[in-house]
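Commentary on secondary and tertiary structure
Now for the letters of each chain:
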Amino acid sequence: MTTPAPASPATAASPARLDERDIAGLLFVAEMYGVQLDQVAAVLGTGESRARAVTASWRRAGYAQSARLGPGGPWLWLTRAGLAACGLPFPATTPALSRLAHLRAVTSVRLALEAASGYRAAGAFWRSERRLRARMGGRVGLREHIPDGEVHWPDGTAAAWAGECWAVEAELTRKTVARTAAIMREILTRTGDYGCPAAQARVPGQPPRHERAVYLCSPAARPVVTRARDAIGALGARVEIRDLPAGAELPRAGLSRAELPRPSPPGTGPSRAGSSRAGPAGPRP
Amino acid sequence: MTRRRRRRPLLLAAGRVLAWAAGVAAGAALAVAAAPVTLVAAFAFALAWATGWAPRRLYQAALWCVPMLAAWAAAIALAARSWLPVAAAPYLAWLAMWHLAAAGSVLLAALTIAPVAVPLGLLAGALAWSRRVYAMRTGTGGLSPTASAAFDRRQWRHQVRSARARIAAPGAVPLLSRGGGIVAGAIIRTVGHTASPLAAIPYQRLRSHQVVIGTTGTGKTTLLLRLWAGFLALGLRRHAAGAGHRPLLVVLDCKGGADSRRVADRARRVLRAAGARSTAIWPDEASLSLWALPARQLTTTLVDMIEHGTGGAAYYADVLEAVVALAVGPPCGPPASAADFLARLDPGWLTAAYASAPDGKDAALLRSASRHISDIALRFRTLFRRLGEGLDGPGGFGDADAWYCILEGTSQIAVAEAQARALVDILASYITHGPGGQREILLAVDEFSAVSRRLPIWQLYERARSLGLAVQVSAQSWPGLAPRDDDRYRIAAAADGGIWLLRTPHPDPATALAGHRRSADTARRVAGVALWRHEGSSRMRDEPVADPSIIRSLDTGQAAYIYRGGVTFIQIKRLVAAPPALAAEPITADQASAGPATAAHAPIPPPGTEPHTGSLPDAGALLDEAFGNKTS
């Protein structure tokens, strides 16, 4: 069931009052295509009930829509008005059902990374797949692969990897080893930004765009990714493989709310599989 | 002659004048008495004249007023609790209108009589406009015989002005109509087709063959982009609804050069807005594999890509085919690439490959043709060098929703012909032997004249329907459709999805396919210098449905759509594409002919040769904090 936004957004008559947290939340949702309510709560640093109230205000302002698209809580995505308010040139679309699991996994990865102290200390920046695609403007080549996200580490920070750009891939399902290896090679040999002239995408002799590729894998996908890394030889030294964080997978039918793992809000540390944060009630404001 | 006889004509003339004056006075009195109806009728007539509307539109407007009239009558009946006062209601409203007008309440008077006056006025205006149009069409109206031609020219200008105003209004011309058609633009005029404000082409017409003819700069590309975007948008919608297979658009742009690349970029943005997930630009950014063809088809295609003569040269053509067949069909399987194929064009290789053949026929053939093999290898080496790497794979038509294939037909005609032949064969094979049977495919061949000499598209044209393939051929002129007149007529006659004509100097063969219609031709008696009587005779004659003179004088962005004995003149609505993601330097023809070995096709360096070889700082602690310990 979809909860539609008002036909004429309230913004036209009286602009919605948004605080800093609202703006950060709206930008996050816009960049990730769509986010499930528990993950929105993690972004906002609140409980689900409060997040529900906040997102309801976004809907009233005409900035967002929400609906139960699959298992688990409702999904939230921005409307055309919301994207315009954020100044983001993305087409307004409902998250595709076939991509829900992947979207949730990527959002979990981003939340886990942004929760790490090293990430915040370095002031790193997550550049989402949606931003990359928008730069391409529909010019995505047939065999051109776009990572699920990029992490940019600013220069001049204490991090040893300052100035680097990482490609992040969330792998839920198994591909063939050959395909995975081809994607790894493509990511690690690319030299140009996404959206650059085709001739600059891969220039021999130029430094690579991505210093490393970070693969976050489900248990099913991990063996294939590991074999693919081995198959690409010396390039494999620049591939990091980790498990997907807890709560990255869509909740299975039959699990009660209390049994669902909760994503960790930024700044509160990671939540790992098997940790005590999968308990029934997280901190509430 | 008696005085009585002399006075008789004068009396008759006076009587006629009196009768005319009485008629005029009665008409004027009636017009004044029914002033509201007269005003509405005059307004409707003037509006139809100024906008070039067909009378049908006024009749429809009058029909749309019927609910208002019914509500008004029902309100009177409910107020009086009887239907009897409804009969007298128009008369009473008319009386009340005059009383209110006399009292100075003009607006209230207008509101009182409006439920009756508006529909009646529209009907009267429609009748008068219909009468006027008919009189001018049959030549019975106007002061002179040329009045009907002047009236038609004036009405064309009015109709064009209305159509331009309609397409200029934001949102007035969507890409798809609510009825499930592809809206090409606003209708200027129709002959034999139903008149409506917008020209919506049903999807099935684009699933049939079409022909587009128009010289450069007439808006042909604008029309084609709109049709392609509409085909994809509607096809994807139908596919999502389970009403059809997924659509696939394949465009062969046979002009080439920088202009084609600009069009390709625009097409990609337009098609993306229409819902296409990916548009492949061949050969600049994507490639196809000629070597995925079945062995027998591959042999035919390779042979046809090489130009060979007739007469005495036919012998060498046979030798060529025999050698190619040997290279393509050895026991070890067909070649996988151009380099593989060229390596096989060697007597030693072929001898070794067929050494184990049981019957020895191939070995005998090989012996007789062996002295030509090096020449054949030279010809193919030259061909593949000129073709570039666009046909050397990997890739297939199933990889994208739309393929825009750029053939250098202007600068390298022979290469473009060979490429066109190969691409069509790959597409046909994709349909017959691959998953293309599960796609709804539109093959659009733009600037067909560049490759029409060696691309036997009419053969594909005639059997394409059973393959689920629709072919849309566009050319700058009628002769550009095919080298021979028979083939031109064959292509045009098989275009059961319609023929689009933009401005072209010789539209007659195409307009003749629209046929003729019966119309009245009226002769007028001459009364003197520049004076004609309203007396004469009419006869029926045939006139072309699609007037070639109108098509010769069409403005940029105007098209005539001929379909089933009717024609619709359309002002094409230009599709506005999203701005390019990056203002990149366009790829030149030279760069393109160098093959797709740039960008996405750059060879991936083998492991260990990548430029970045320095050791990276260890980020394990951060990743451990975020995602847990390393797993492998």
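Residues numbered from 1 in each chain as written. Chains lettered and ligands numbered in written order. Predicted model: local features only at pLDDT ≥ 70, side-chain atom pairs only at ≥ 80, totals over all residues.

This part covers the overall build of chain A. The helix and strand tally for chain A stands at ten helices and nine strands. Expressed as a percentage of the 285 residues in chain A, the buried residues total 47%. (Helix = DSSP H or I, 4+ residues; strand = E, 2+ residues; numbered from the N terminus. Buried ≥ 20, exposed ≤ 12 C-beta atoms within 10 Å, placed from the backbone.)

As a further point, take the sheet that holds strand S7 (residues 439-446) of chain B. Residues and elements named next belong to chain B. Ordered in space as S2-S1-S13-S12-S9-S3-S8-S7-S4-S6-S5, the eleven strands form an open sheet in which the pairing is mixed. At either end of the open sheet lies a strand with only one pairing partner, and these are strand S2 (198-202) and strand S5 (279-282). Between one strand axis and the next, the sheet turns by 25° as a mean value, whatever way the strands run. Alignment of S7 against strand S8 (residues 469-475), held across five bridges, turns out to be parallel. Across the sheet, the residue bridging to Ala444 is Gln472, located in S8. Each of strand S4 (246-253), strand S6 (402-406), S7 and S8 touches helix H17 (residues 413-432); the most contacted strand, S4, lies at about 170° to it. (Pairing = 2+ DSSP bridges. Axes fitted to C-alpha atoms, helices over the stretch in contact; angles between N-to-C directions. Contact = placed C-beta atoms within 7 Å.)

This part takes up the confidence of the model for chain B. Per-residue confidence for chain B averages 85 on the pLDDT scale, and 90% of its residues sit at or above 70. With pLDDT under 50 throughout, residues 581-613 of chain B is counted as low confidence; its partners more than four residues away or in other chains account for 78 contacts. (pLDDT = per-residue confidence, 0-100.)

The peptide bond linking Trp282 of chain B to Pro283 of chain B adopts the cis configuration, its omega dihedral lying at 0°. Secondary-structure assignment places Pro283 of chain B in the loop between S5 and helix H11 (295-305). With a phi close to 75°, Tyr33 of chain A is a non-glycine residue in the positive phi region. The residue Tyr33 of chain A is located in the loop between helix H2 (20-31) and strand S2 (35-36) in this model. A tally of 24 C-beta atoms within 10 Å means that Tyr33 of chain A is categorised as buried.

Moving on: the sheet that holds strand S5 (residues 125-128) of chain A. If you trace the five strands from one edge of the open sheet to the other, you get S5-S6-S7-S8-S9 (chain A), paired in mixed fashion. Each of the sheet's edge strands pairs with one partner strand only, and the pair in question is S5 and strand S9 (239-243) of chain A. For this sheet the average axis-to-axis angle between neighbouring strands, irrespective of direction, equals 25°. Pairing analysis gives four bridges linking strand S6 (residues 149-152) of chain A to strand S7 (residues 165-171) of chain A, with the strands arranged antiparallel. Directly across from His152 of chain A, in S7 of chain A, lies its bridge partner Cys165 of chain A. Lying over the sheet, helix H23 (residues 620-627) of chain B contacts strand S8 (212-217) and S9 of chain A, oriented at roughly 25° with respect to S9 of chain A.

So, on to the pairing of S9 of chain A. Residues and elements named next belong to chain A. Among the five residues of S9, four are classified as buried, and the element is accordingly described as predominantly covered. Relative to S9, S8 runs parallel, the two being bridged by five bridges. Within S9, the position partnered with Leu216 by the bridge is Arg242. Remark: the S8/helix H10 (residues 222-231)/S9 crossover connection has right-handed handedness. (Right-handed = clockwise from strand over helix to strand, strands pointing away.)

All names here are of chain B. Of all eight residues that make up S4, seven are buried, and the element is covered over most of its length. Judged from the eight bridges that link them, S4 and S7 form a sheet pairing that is parallel. Opposite Val251, over in S7, you have Ala444 as the bridge partner. Strand direction decides the pairing type here: S4 and S6, joined by five bridges, are parallel. Across the sheet, Asp253 pairs through a bridge with Ile406, a residue of S6.

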